[in-house]
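# Results of the structural survey
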Amino acid sequence: MKITAIKGMSDVLPPDSFLWREIEERARKIFDTYGFEEIRTPIVEPTELFVRSVGETSAIVEKEMYTFEDKKGLSLTLRPEGTAPVVRAYIENAMHAKDPIAKLYYFGPMFRYEQPQKGRSRQFFQIGAELLGAESSLADAEMLILLHRLFQGFGILDVRFEINSLGCKTCRPKYLEAIHQFLKGKEKKFCDDCQKRSKKNPLRILDCKKEGCRALTETAPTIGDYWCEACAQHYREVRGLLLAGHVKFKENPRIVRGLDYYCRTAFEVLCDRLGAQNAVAAGGRFDGLVKDLGGPDVPGIGFAIGMERLVLLMEPGTRYQVPGTSIFFALLGNEAQQAALSIMEELRAKDHCVVSAYGGSLKSQMRRADKLGVQRVVILGENEMQKGIAIVKDMKEGTQKEILMGRLVEELG
Ligand code: ATP
Ligand code: MG
């Protein structure tokens, strides 16, 4: 029986893996310049963490989680997103006691049981960042400026930033009530999913992608009319700071985000080149989350970029470094192999990429060297061993010379 990868989970093979590395390296450099530090959390967490943070009525918890029991009957879930694990780690390690502000970034796989299609898989990677401990609108703006900077760093200039404010505990309930009133008597006209949402999480109706539902919500009340003064002021400040930071954005009152923990600033980064799954990054403020999960009352804001969608936007033509083999050792016989090993190690210690074949005739080994496109080949067979020399071939020039074994490392640089 052939064993294949699980549906919706794919391999990242070379040379694509070099592009992934390039993306991560560029992102790390940019995170450094904003004072963000890397955090690595486990891939599996207690199911409860996501139920309590992401929310029981969110699409993720309702139907997308990979949940299973371990040998002791504990319910575990493969993380569907990165914010809840970061907040869990922040509380558990009392990070707030060491520094009132934490700026953390992460790379890693996330898991959601969704219908696989272009730009949507069951294991996907995210690059994410969270800023904990700052309530100021400057934090919101800086996160968006950082996100903007990342896309510039990736060479993707045709993304759109869309922002909204979801209000807070004071003003959101009033908006929810208005949406309730608006939906009254109209529920049956919406799609099946929205009919369910109208009972449990009516804001998500605004997020529905179906034309029919979108038309129905055209005249729905907009959140901006319900913001309390503090939320309105915060949103004004964020907009002003974004303008000062040269981030172009569009205001989109329909952005509600599918996760329960968001408040105030919410945003998405979109690109038309992606087709139906057009969001490449998203995020927002989550001021009550740390407290809800048993930590101190610390505000937070974060974002996550979808790596696969990012890669779709970068290709083709993005430059990335493939190290490339510089020296190939054609070794004939066990004695030659033994003699070569320490020389190969010395060259690697000098940062050369040094490889050999694992047996075969001289002819087949030379063919492999050719295929790898190496600059130089060291030939070491019985004859050479007896004479205490090696033949060094320059593949570009087509020349060769005999070098004393003791001088090889020096000769090859
Ligand atoms: P979508 O509207 O596409 O379902 P989402 O709101 O569920 O997105 P978030 O939870 O905000 O997505 O995740 C942030 C980013 O992660 C998305 O913008 C997207 O780039 C990526 N992402 C989310 N789910 C998937 C998936 N199943 N496959 C690939 N990438 C994904
Ligand atoms: Mg989704």
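Keep in mind it's a predicted model, so treat the numbers as computed, not measured.

Calculation notes
Residues numbered from 1 in each chain as written. Chains lettered and ligands numbered in written order. Predicted model: local features only at pLDDT ≥ 70, side-chain atom pairs only at ≥ 80, totals over all residues. Heavy atoms only, no water. Helix = DSSP H or I, 4+ residues; strand = E, 2+ residues; numbered from the N terminus. Buried < 20%, exposed > 50% of the residue type's maximum accessible area, 1.4 Å probe, protein only. Contact = heavy atoms within 4.5 Å. Areas by Shrake-Rupley, 256 points an atom, 1.4 Å probe, with all protein chains shown as cover. Lys, Arg positive; Asp, Glu negative; His and termini not counted. Charge placed at Lys NZ, Arg CZ, Asp CG, Glu CD. Pairing = 2+ DSSP bridges. Axes fitted to C-alpha atoms, helices over the stretch in contact; angles between N-to-C directions. Parallel < 35°, antiparallel > 145°, perpendicular 65-115°, else oblique. Left-handed = near helix turned anticlockwise from the far one by under 90°. Nonpolar A, V, L, I, M, F, W, Y, C, P; charged D, E, K, R; others polar. Salt bridge = Lys/Arg side-chain N within 4 Å of Asp/Glu carboxyl O. Near = heavy atom within 4 Å. Polar contact = N/O pair within 3.5 Å; in protein donor to acceptor, adjacent residues only side chain to side chain. Domains from an automatic or database assignment.

## Digging into the overall build of the protein chain
- For the protein chain, the helix and strand inventory stands at 16 helices and 16 strands.
- Seen through its principal axes, the protein chain has C-alpha atoms that stretch 95 × 55 × 45 Å.
- In the protein chain, which comprises 413 residues, the proportion classed as buried is 49%.
- Contacts spanning at least 24 positions in sequence make up 69% of the contacts within the protein chain whose residues lie at least 6 apart.
- Entry remark: accessible area of the protein chain is about 21500 Å², with carbon and sulfur atoms responsible for 51%.
- Once the 60 positive and 56 negative side-chain charges of the protein chain are each reduced to a mean point, those two points are 4 Å apart.

## A few points about the sheet that holds strand S12 (residues 327–331)
- Read from one edge to the other, the open sheet built from 5 strands follows the order S13-S12-S14-S15-S16, with strand pairing classed as mixed. Two strands in the sheet have a free side with no partner beyond their single neighbour: strand S13 (354–356) and strand S16 (399–404). Strand-to-strand twist across the sheet, computed as the mean angle between neighbouring axes with direction ignored, equals 25°.
- Note that S12 and strand S14 (residues 376–380) share 5 bridges and pair parallel. Note that in S14 the partner of Ile-327 across the bridge is Arg-376.

## Some words on the packing of helix H6 (residues 137–153) against helix H10 (residues 229–244)
- Remark: H6 packs on H10, axes separated minimally by 8 Å, with the N-to-C direction vectors making an angle of 40°. When the axis of H6 is compared with that of H10, the two are oblique. Here H6 runs over H10; the crossing is right-handed. On H10, the residues touching Ser-137, Leu-138, Asp-140, Ala-141, Leu-144 and Ile-145 of H6 are His-234, Glu-237, Val-238, Leu-241 and Leu-242.
- Among the residues forming the contact of H6 with H10, the class breakdown is 7 nonpolar, 2 polar and 2 charged.

## Description of the pattern of salt bridges
- A complete count under the given rule lists 23 salt bridges for this structure.
- Between Glu-38 and Arg-28 there is a salt bridge, and its shortest N-O distance comes to 2.6 Å. In this pair, Glu-38 sits in strand S1 (residues 37–38) while Arg-28 sits in helix H1 (residues 16–33), placing the two residues 10 residues apart along the sequence.
- With a relative accessible area of 24%, Arg-28 lands in the partly exposed category.
- Here Lys-387 and Glu-402 are joined by a salt bridge, their closest N and O atoms 3.7 Å apart. Of this pair, Lys-387 sits in helix H15 (residues 382–387) while Glu-402 sits in strand S16, and the two are 15 residues apart along the sequence. Glu-402 carries the same exposure label as Lys-387, and that label is exposed.
- In the salt-bridge network here, residues are joined through shared partners; they are Arg-160, Glu-162, Lys-250 and Asp-272.

## Quick notes on the site of ligand 1
- Of all residues adjacent to ligand 1, which total 15 residues, the nearest are Arg-112, Glu-114, Arg-120, Ser-121 and Arg-257.
- Arg-112 places a side-chain nitrogen or oxygen 2.8 Å from an oxygen atom of ligand 1.
- Ala-279 places a polar main-chain atom, nitrogen or oxygen, 3.2 Å from an oxygen atom of ligand 1.
- The fraction of the free accessible surface of ligand 1 (590 Å²) that becomes covered by protein chains is 88%.
- Of all elements in the fold, only strand S6 (123–132), strand S10 (279–285) and strand S11 (300–306) reach the threshold of two or more residues within the shell around ligand 1.
- In terms of residues, the shell around ligand 1 owes the most to one element, S10, which gives 4 residues.
- Partitioning the shell around ligand 1 into residue classes produces 6 nonpolar, 4 polar and 5 charged.

## Some words on the sheet that holds S6
- Spatially, the 8 strands line up as an open sheet ordered S1-S5-S6-S11-S10-S9-S7-S8, and their pairing is mixed. Edge positions in the open sheet fall to S1 and strand S8 (250–251), since each of these has one partner strand only.
- Here S10 pairs with S11 via 5 bridges, running antiparallel. Opposite Gly-283, over in S11, you have Phe-303 as the bridge partner.
- Strands in contact with H6 are strand S5 (102–111), S6, strand S7 (160–165), strand S9 (263–270), S10 and S11; relative to S11, the strand with the most contacts, it is inclined by about 15°.

## Structural notes on the pairing of S16
- Note that strand S15 (residues 389–394) and S16 share 6 bridges and pair antiparallel. Bridge pairing in S16 links Val-392 to Lys-401.
- Between the end of S15 and the start of S16, which pair antiparallel, lie 4 residues, with Gly-398 showing a positive phi angle near 75°.

## A short note on the domain arrangement of the protein chain
- When cut into domains, the protein chain gives domain 1 (16–171 + 227–314) and domain 2 (327–412).
- Each of domain 1 and domain 2 has a C-alpha centre, and these two points are 50 Å apart.

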